[in-house]
Amino acid sequence: EAHGRYLDLHYFYHKFVNSKFGESKSEEEKLDYSVYLDVFSHPEKIPRKLKTTSEYRQYISDLLEYLVYFFERTEPLKDLDRIFAKVSTEFEEQWKDGKVEGWEKEEQEKDVLFQGSIIDLDYYSTVEELMELGAEKLKEALAALGLKVGGTLKQRAERLFLTKDTPLDKLDRKHFANPRHKVEQNGDLSAPKQDNLSEIALIEAKMKKLCELLDETIVRTKENLVKKQALTYDEIEKEREEEDEQVDAESDDDEEQIYNPLKLPMGWDGKPIPYWLYKLHGLAQEFKCEICGNHSYWGRRAFERHFKEWRHQHGMRCLGIPNTKNFNEITSIEDAKRLWDRIQEKQGLNKWRPDLEEEYEDQEGNIYNKKTFTDLQRQGLI
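Along each chain, numbering runs from 1 in the same order as the chain's sequence is written. The model is predicted, so local features are restricted to residues of pLDDT at least 70 and side-chain atom pairs to those at 80 or more, both for listing and for counting; the totals for chains, interfaces and linings are taken over all residues. In computing side-chain values, all of the structure's heavy atoms are included and hydrogens and water are not.

Quick notes on the nonpolar core
General note: in soluble globular proteins, nonpolar side chains tend to be found buried as a group.
Here comes step 1: Here, nonpolar core means buried Ala, Val, Leu, Ile, Met, Phe, Trp, Tyr and Cys residues that are tied together by side-chain atoms lying within 4.5 Å of each other. For every residue, the accessible area obtained with a 1.4 Å probe (protein chains only) is divided by the maximum for its type, and the residue is called buried under 20%, exposed over 50%, and partly exposed between those limits. Leu9, Tyr36, Phe40, Tyr59, Leu63 and Leu67 are the most contacted members of the largest nonpolar core, which totals 34 residues.
Here comes step 2: The helix count covers DSSP runs of H or I at least four residues long, the strand count covers runs of E at least two residues long, and both are numbered beginning at the N terminus. Where this core is concerned, the elements lending two or more residues are α1 (10–17), α2 (33–39), α3 (54–74), α4 (80–97), α10 (190–213) and α11 (215–229).
Here comes step 3: Counting residues per element, this core draws most heavily on α3, which supplies ten residues.
Here comes step 4: Counting 14 residues, the second largest nonpolar core, distinct from the first, contains Leu121, Leu130, Leu142 and Phe176.

Regarding the pattern of salt bridges
Here comes step 1: Any Lys or Arg side-chain nitrogen located within 4 Å of an Asp or Glu carboxyl oxygen qualifies as a salt bridge. Taken as a whole, this structure holds ten salt bridges when the rule is applied.
Here comes step 2: The salt bridge involving Lys209 is made with Glu212; its shortest N-O contact spans 3.9 Å. A residue pair is termed a helical-turn pair when its members lie 3 or 4 positions apart in one helix, as Lys209 and Glu212 do in helix α10 at three residues.
Here comes step 3: Exposure remark for Lys209: the relative accessible area of 29% places this residue in the partly exposed category.
Here comes step 4: The structure contains a network of salt bridges with shared partners spanning Arg300, Glu304 and Glu329.

Regarding the pairing of strand β2 (residues 295–298)
Here comes step 1: Of the pairings in the sheet, the one linking strand β1 (residues 286–289) to β2 comprises four bridges and is antiparallel in character. Counterpart to Cys289 in the pairing with β2 is His295.
Here comes step 2: Count of turn residues in the β1/β2 antiparallel hairpin: five residues, of which Gly293 carries a positive phi of about 80°. DSSP-based pairing: two strands are paired if at least 2 bridges between them are found.

Next comes the structure, spelled out in structure tokens:
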């Protein structure tokens, strides 16, 4: 896998080529591993009757399990459960409609088979003309109509010729292959079989989705395979050693501890800032603020800035004191309360008092304050 760069499907390749659903007609036509990398992501190309076996189910389940394990290691931030949930909902809709690729409904398959195997009897006037078609062609035509397919070539032709003038529903039941009562007896077994097929089809859908997500990795695996096939054994070994050395060097760089005996603050690049910069900003000075819960601020700049930050504002709000410029540089709770009391007292002396300071004038031009004017007015002297 080269630390997640390539897929390792050799186990599944050998399992595929040695199974019935992946076997070739001859040893010369046996799939190569590079061809398998193109084929394994297209299970819809395998005939449906070969995918109903337990051998195929075990193969496709193991393949999905490996791809999930590989994807979780190479793409740990992606939500695979959410992806599979979406695939499942789309699959259920397609399965109900019988539109899952490679798993179309059997009725549709039968219609296609029937259309391909039927013989137009209007072109044939005698049994001998039908016999010229051959035993296999007659067998397919009889099977498509549901009639018996056994017997000699002449018997098959005669049985098929009967359907030219006689409708199937009026034909003698002895000519039919499967009586209806057998179908009714076996009807109960179709539901669990369909469930089993839908599970296999769902596994295929999930596997195909993972292949789409890992498309770049699959292409990279093919390119690496083609490249290795052009190299000699010594060149392959040398390249493998170079890759191992490169990976070891990268891991050593990551694990290397940063030397920081003065405990300087870290910069944007993850390394300690220069000592001259540390001294220039006065970062060795510690300022504690009791209002902020004895929080420490390093450097004068950080200390001055914190008076407008949320932590100090929250502390002043808890004390019931407005965070104004008057309270800058004050970090003690007692000092802040004392200053607030003084400000309130000062505001009380300068407070507007309407009874004493509001002025009124009588008709003669005499000036009185509000309290005196109202008293004289009540007595009727004004």
